[in-house]
Amino acid sequence: MAPRVCILCCQAVKWAPVVFISAIVGWSYYAYVVQMAILTADTIAEKIIFLVLYHPILFLFVWSYYQTIFAKIRSPPKEFFLSQTEWQHLESETNENNQKDQLNHFARKLPIQNRTIAGFPRYCEKCKCVKPDRCHHCSVCSVCVLKMDHHCPWVNNCVGFHNYKFFVLFLGYALLYCFYVALSSLKYFISFWSGGGASGVGRFHILFLFFVAVMFGISLISLFGYHIFLTVHNRSTLESFRAPIFQTGADKDGFSLGSRANFSEVFGDKKSHWFLPIFTSHGDGVSYASRLQPTITYNTMGTTPRPEPNLGDGVTYPTRTVDLDSDGLLGQRQRWMEEGDNVLIKNLSNICTGAELGFLIEN
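Along each chain, the written sequence defines residue order, and numbers are assigned to residues from 1. With the structure being a predicted model, the display of local features is reserved for residues of pLDDT at least 70 and the display and counting of side-chain atom pairs for 80 or more, all residues being used for whole-chain, interface and lining totals. The basis for the side-chain values is all heavy atoms of the structure; hydrogens and waters are excluded.

Student: It is not clear to me how the overall build of the protein chain should be interpreted in this structure. Could you clarify?
Tutor: Only runs of H or I of at least four residues qualify as helices and only runs of E of at least two qualify as strands under DSSP, and these elements are numbered from the N terminus. Summing up its helical and strand segments, the protein chain has ten helices and eight strands in all. Between two residues, a contact is recorded if the distance between any of their heavy atoms is within 4.5 Å. Long-range contacts, defined here as pairs at least 24 residues apart, represent 66% of the contacts in the protein chain between residues at least 6 apart.

Below is the structure:
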């Protein structure tokens, strides 16, 4: 009984950020629609304009947020998982060369390009599978996530192949929502702040609405811009801090095929669907074209000439964050652990401020 209660408490804590955001949005609807648009706006025309413009933005914002939260995580296909006999034999082996041979034999027909620093196929000791390219294990979700970007507590879900488009749209529409609310309430904010206008509780709703919209809007600018940057360069948040390793070395732009192709990989080819939170991303989340290998094949053991390696963004990615491809094969030598780390927070603070950190810290 006690373990079940603990599990329920943990689940409740995980949903707390989502409840908080939902409560803020619910209150902002009341403050904007009832207190400002209906009770405070000066003219009928102004009331109509406020309401007509507000609701489509709110709808797209809430829809993209819902899709980000409830999109089902996509994990590696069954052919990437070792049988019980295979993983027991692998993990009981003490010779690293034998381990490498076993993994290479198992992965010989899998479409993988990424390796550990030592050249091993990446293996998840928890899921007992060879990890596809750009896949990482999330300790919060307890599963390997295809093209994992990060675990976001604000949506209580991993952000990855299954919902990255939704997440970017969520940030974009949240930013648009904040700016629209702030700009349309600016006139009444100035009036109330200077002591004019109607008195009563309504004025405090509008004053607070303006402050909240501006605060969240400013916080979202850098985060939304950062993820647009990642999209057009075809990187995940994890890859921007630690370049993926190919057989010929680390290359942060290894999966970049040009801005247009990179954007289409996430948002699809139909322009009419770009701004709608419906899944239009290319591929299966398992295999990816790269600068080294434009057409994915199942022969991943060969080498390919390539340009000068591009090693990263100059940020040292700390140990003990998410599973990583290190200099060994199994256990502590192959992965980062999933606990949080003060070093990660310090590094992230160099590119974002305050409220954005919650979006970028995996745990």
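Student: It is not clear to me how the environment of L82 should be interpreted in this structure. Could you clarify?
Tutor: Structurally, L82 can be placed in the loop between α2 (44–70) and α3 (84–92). Here the alpha-carbon distance between L82 and F106, two residues 24 residues apart in the chain, equals 8.1 Å.

Student: Just checking my understanding: could you explain the state of the cysteines for this structure?
Tutor: When the sulfur atoms of two cysteines share a covalent bond, that bond is a disulfide. Cysteine sulfur pairs qualify as disulfides if the two atoms are within 2.5 Å. A complete count under the given rule lists zero disulfides for this structure. Here C135 stays free of any disulfide, with the sulfur of C144 as its closest cysteine sulfur at 4.5 Å. Among the cysteines around C141, which has no disulfide bond, C158 carries the closest sulfur, lying 3.6 Å off.

Student: Which parts of the structure should I look at to understand the nonpolar core?
Tutor: Across soluble globular proteins, nonpolar side chains have a tendency to be buried as a group. The term nonpolar core refers to a set of buried residues drawn from Ala, Val, Leu, Ile, Met, Phe, Trp, Tyr and Cys, joined through side-chain atoms within 4.5 Å. When accessible area is computed with a 1.4 Å probe and restricted to protein chains, residues below 20% of their type maximum are described as buried, those above 50% as exposed, and intermediate ones as partly exposed. Grouped together as the largest cluster of nonpolar side chains are 52 residues, with contacts concentrated most on Y32, F50, Y54, F61, F170 and V181. When contributions to this core are tallied by element, the ones reaching two or more residues are α1 (2–38), α2, α5 (164–193), α6 (201–233) and α8 (259–267). Of the residues forming this core, the biggest block, 17 residues, is contributed by α5. F80, C127, V130 and C144 belong to the second-largest nonpolar core, a separate cluster that totals 22 residues.

Student: What am I meant to see in the packing of α6 against α8 here?
Tutor: If you want to describe how two helices pack, look at the angle between their axes and the distance between the axes. Two elements in contact, α6 and α8, have axes whose closest approach is 6 Å; the angle formed by their N-to-C orientations is 110°. If you check the angle between α6 and α8, you find them roughly perpendicular. For the pair α6 and α8, the contacting residues are T231, V232 and H233 in the first and S259, N262, F263, V266 and F267 in the second. Taken together, the residues of the contact of α6 with α8 break down into four nonpolar, four polar and no charged. As a rule, the C-alpha atoms of each element are fitted with a line to give its axis, helices using only the stretch in contact, and angles between N-to-C directions run from 0 to 180 degrees. Each angle receives one of four descriptions, namely roughly parallel if under 35 degrees, roughly antiparallel if over 145, roughly perpendicular if within 65 to 115, and oblique otherwise. Under the scheme applied here, ten amino acids are nonpolar (Ala, Val, Leu, Ile, Met, Phe, Trp, Tyr, Cys and Pro), four are charged (Asp, Glu, Lys and Arg), and all others, including Gly, are polar.

Student: Would you mind going over the packing of aromatic side chains with me for this structure?
Tutor: Aromatic rings in a pair are described by how distant their centres are and how their planes are angled relative to each other. Within 6.5 Å between ring centres, the rings of Phe, Tyr and Trp (the latter by its six-membered ring) count as paired, and their orientation is classed by plane angle as stacked under 30 degrees, edge-to-face over 60, tilted in between. Considering all chains together, one arrives at 24 aromatic pairs under this definition. Relative to F170, the ring of Y65 lies with its centre 4.7 Å away and its plane at 20°, an arrangement referred to as stacked. With Y65 in helix α2 and F170 in helix α5, this pair connects stretches of sequence that are 105 residues apart. Where W193 meets F211, the ring centres are 5.8 Å apart and the plane angle is 75°; that geometry is what we call edge-to-face. A residue pair is termed long-range when its members are at least 10 positions apart, and W193 in helix α5 and F211 in helix α6 qualify at 18 residues. Classification of W193 by relative accessible area gives exposed; the value is 59%. One aromatic cluster is present, built from ring pairs that chain together Y29, Y32, F50, Y54, F61, Y65, F167, F170, Y177 and Y180. Distance and angle both matter: a charge sits over a ring if NZ of Lys or CZ of Arg is within 6 Å of the ring centre and within 35 degrees of the ring normal. Geometry around W87 places K128 over its ring, the cationic atom sitting 4.3 Å from the centre. The side chain of R134 reaches across the aromatic face of Y288, ending 5.0 Å from its centre.

Student: Honestly, the environment of Y29 in this entry has me stumped. Any pointers?
Tutor: Structurally, the position occupied by Y29 is in helix α1. By relative accessible area, which is 33% here, Y29 ends up partly exposed. Distance in space between the C-alpha atoms of Y29 and L58 is 8.7 Å, their sequence separation being 29 residues. With near-sequence residues (within four places) excluded, Y29 lies in contact with V34, Y54, H55, L58 and Y177.

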